[in-house]
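Chain and residue survey
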Amino acid sequence: DVKVTQSSRYLVKRTGEKVFLECVQDMDHENMFWYRQDPGLGLRLIYFSYDVKMKEKGDIPEGYSVSREKKERFSLILESASTNQTSMYLCASSLPRGPGDSPLHFGNGTRLTVT
Amino acid sequence: RKEVEQDPGPFNVPEGATVAFNCTYSNSASQSFFWYRQDCRKEPKLLMSVYSSGNEDGRFTAQLNRASQYISLLIRDSKLSDSATYLCVVNAAGGYNKLIFGAGTRLAVHP
């Protein structure tokens, strides 16, 4: 069974802090994704990566960066946290089949609060 | 207009009822469609893919209407355990495995 692990379930950070959200998957998946989920807005794609050291902007990359130094690990970085980045962050991975063919496997999420 | 739109609900139904959700999408070039299920405070999980010819998995039936650009999910004989939020998901045409999620429809099944 695919396991996607996010390092923290809950995080509370102050405005201006640099924040690292870590995600590790154990199924050798090429694709990894970071989403945020907000009430009424659904999941929105922040960044994704389809290979080591590769990254692509999603729909809302502003204020975020990512790092993929190893295949199993995909990190989301908030360079200077702001209150509007308070959200649930979900990491996901999938196999590199055609667009939409491969289901996403999600981690259980990190609820980040920026005060 | 949102790329994927769903009625947020909640749909409150008794056990044993049949309930249907619709979802509309804006990009006519989209090729892949899915329903994900998300329990309260949990991560989304794939429920089923939606094929052009329609498909069934036990009590769940998914349909695609390309002409009207909507997909539907029908749940028969609802169980208490079906209570969850159902997310409609559509691939972004031209996007590399990029999926667009609807905001979800909440279903509450009561005894």
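Above this text sits the structure in question.
Nothing here was measured: the structure is a model prediction, and the numbers come from that model. (Residues numbered from 1 in each chain as written. Chains lettered and ligands numbered in written order. Predicted model: local features only at pLDDT ≥ 70, side-chain atom pairs only at ≥ 80, totals over all residues. Heavy atoms only, no water.)

Let us look at the side chain of serine 93 of chain A. All names here are of chain A. Residue position: serine 93 is located in strand 10 (residues 87-94). Residue serine 93 is classed as buried on the basis of its relative accessible area, which comes to 0%. At a separation of 2.8 Å, a polar atom in the side chain of serine 93 contacts the side chain of histidine 29. (Helix = DSSP H or I, 4+ residues; strand = E, 2+ residues; numbered from the N terminus. Buried < 20%, exposed > 50% of the residue type's maximum accessible area, 1.4 Å probe, protein only. Polar contact = N/O pair within 3.5 Å; in protein donor to acceptor, adjacent residues only side chain to side chain.)

Under the defined criterion, the tally for this structure stands at two disulfides over all chains. Across the disulfide from cysteine 23 of chain A sits cysteine 91 of chain A; the S-S distance is 1.9 Å. Negative torsions about the S-S bond denote left-handed disulfides, and the value of about -75 degrees found for cysteine 23 of chain A with cysteine 91 of chain A makes this one left-handed. In this pair, cysteine 23 of chain A is assigned in strand 4 (residues 23-25) and cysteine 91 of chain A in strand 10, connecting sequence segments 68 residues apart. For the pair cysteine 23 of chain A and cysteine 91 of chain A, one class covers both residues: buried. Here cysteine 23 of chain B connects covalently by a disulfide to cysteine 88 of chain B, the sulfurs 1.9 Å from one another. Given an S-S torsion of about -70 degrees, the disulfide between cysteine 23 of chain B and cysteine 88 of chain B has left-handed geometry. Of this pair, cysteine 23 of chain B sits in strand 3 (residues 19-25) while cysteine 88 of chain B sits in strand 9 (residues 84-91), and the two are 65 residues apart along the sequence. (Disulfide = S-S within 2.5 Å.)

Nonpolar side chains in soluble globular proteins tend to be buried together. Membership of the largest hydrophobic core comes to 25 residues, with the highest contact counts inside it found for Phe21, Trp35, Ile71, Leu73, Ile75, Tyr86 and Leu107 of chain B. Of all elements in the fold, only strand 3, strand 4 (33-38), strand 5 (45-50), strand 7 (60-65), strand 8 (70-75), strand 9 and strand 11 (105-110) of chain B reach the threshold of two or more residues within this core. The contacts of tyrosine 86 of chain B, once residues within four sequence positions are left out, are Gln6, Phe21, Trp35, Tyr36, Arg37, Leu47, Phe60, Leu73, Ile75, Gly104, Thr105 and Leu107 of chain B. Grouped together as the second largest cluster of nonpolar side chains are 20 residues, Cys23, Leu76, Tyr89 and Cys91 of chain A included. (Core = buried A, V, L, I, M, F, W, Y, C linked by side-chain atoms within 4.5 Å. Contact = heavy atoms within 4.5 Å.)

Applying the stated rule across the entire model yields 11 salt bridges over all chains. We note a salt bridge from glutamate 30 of chain A to lysine 71 of chain A, for which the minimum N-O separation is 3.3 Å. With glutamate 30 of chain A in the loop between strand 4 and strand 5 (31-38) and lysine 71 of chain A in the loop between strand 8 (64-70) and strand 9 (73-78), this residue pair connects regions lying 41 residues apart in the sequence. A relative accessible area of 24% places lysine 71 of chain A in the partly exposed class. Taking the shortest distance from any N to any O, the salt bridge between lysine 79 of chain B and aspartate 77 of chain B comes out at 2.9 Å. Residue aspartate 77 of chain B is classed as partly exposed on the basis of its relative accessible area, which comes to 36%. (Salt bridge = Lys/Arg side-chain N within 4 Å of Asp/Glu carboxyl O.)

Residues and elements named next belong to chain B. Reading across from one edge, 1-3-8-7-6 is the order of the five strands in this open sheet, with antiparallel pairing throughout. Two strands lie at the open edges of the sheet, namely strand 1 (4-6) and strand 6 (55-57), each paired on one side alone. Direction aside, the axes of adjacent strands within the sheet are offset by 20 degrees on average. Judged from the six bridges that link them, strand 7 and strand 8 form a sheet pairing that is antiparallel. Looking at strand 8, one finds that phenylalanine 60 is bridged to isoleucine 75. (Pairing = 2+ DSSP bridges. Axes fitted to C-alpha atoms, helices over the stretch in contact; angles between N-to-C directions.)

Moving on, we come to empty space enclosed by the protein. Residue and element names in this part refer to chain B. Taken as a whole and assessed by the stated rule, the structure comprises one cavity of 30 Å³ or more. Size it by volume and the largest cavity reaches roughly 50 Å³. Along the wall of the largest cavity there are 11 residues; nearest its centre are Glu3, Asn27, Ser30, Val90 and Ile100. Taken together, the residues of the lining of the largest cavity sort by class into six nonpolar, four polar and one charged. (1 Å grid on protein atoms, 1.4 Å probe; cavity = no way out; pocket = protein on both sides within 12 Å on 5 of 7 lines; lining within 4 Å. Points joined across faces, edges and corners; volume = space filled by probe spheres on them. Nonpolar A, V, L, I, M, F, W, Y, C, P; charged D, E, K, R; others polar.)

So, on to the interface of chain A and chain B. Facing the 27 residues of chain A at the interface are 20 residues of chain B. At the boundary of chain A with chain B, total buried surface from both sides reaches about 1800 Å², with 54% on carbon and sulfur atoms. Taken together, the links from chain A to chain B amount to four residue pairs in polar contact (both at pLDDT 80 or more). Within the residue set of the side of chain A that touches chain B, elements represented by two or more residues are strand 5, strand 6 (42-49) and strand 10 of chain A. For the side of chain A that touches chain B, the residue count by class is 14 nonpolar, 10 polar and three charged. (Buried area = accessible area lost by both parts, 1.4 Å probe.)

Take it as geometry only, folks, not as evidence of what the structure does.
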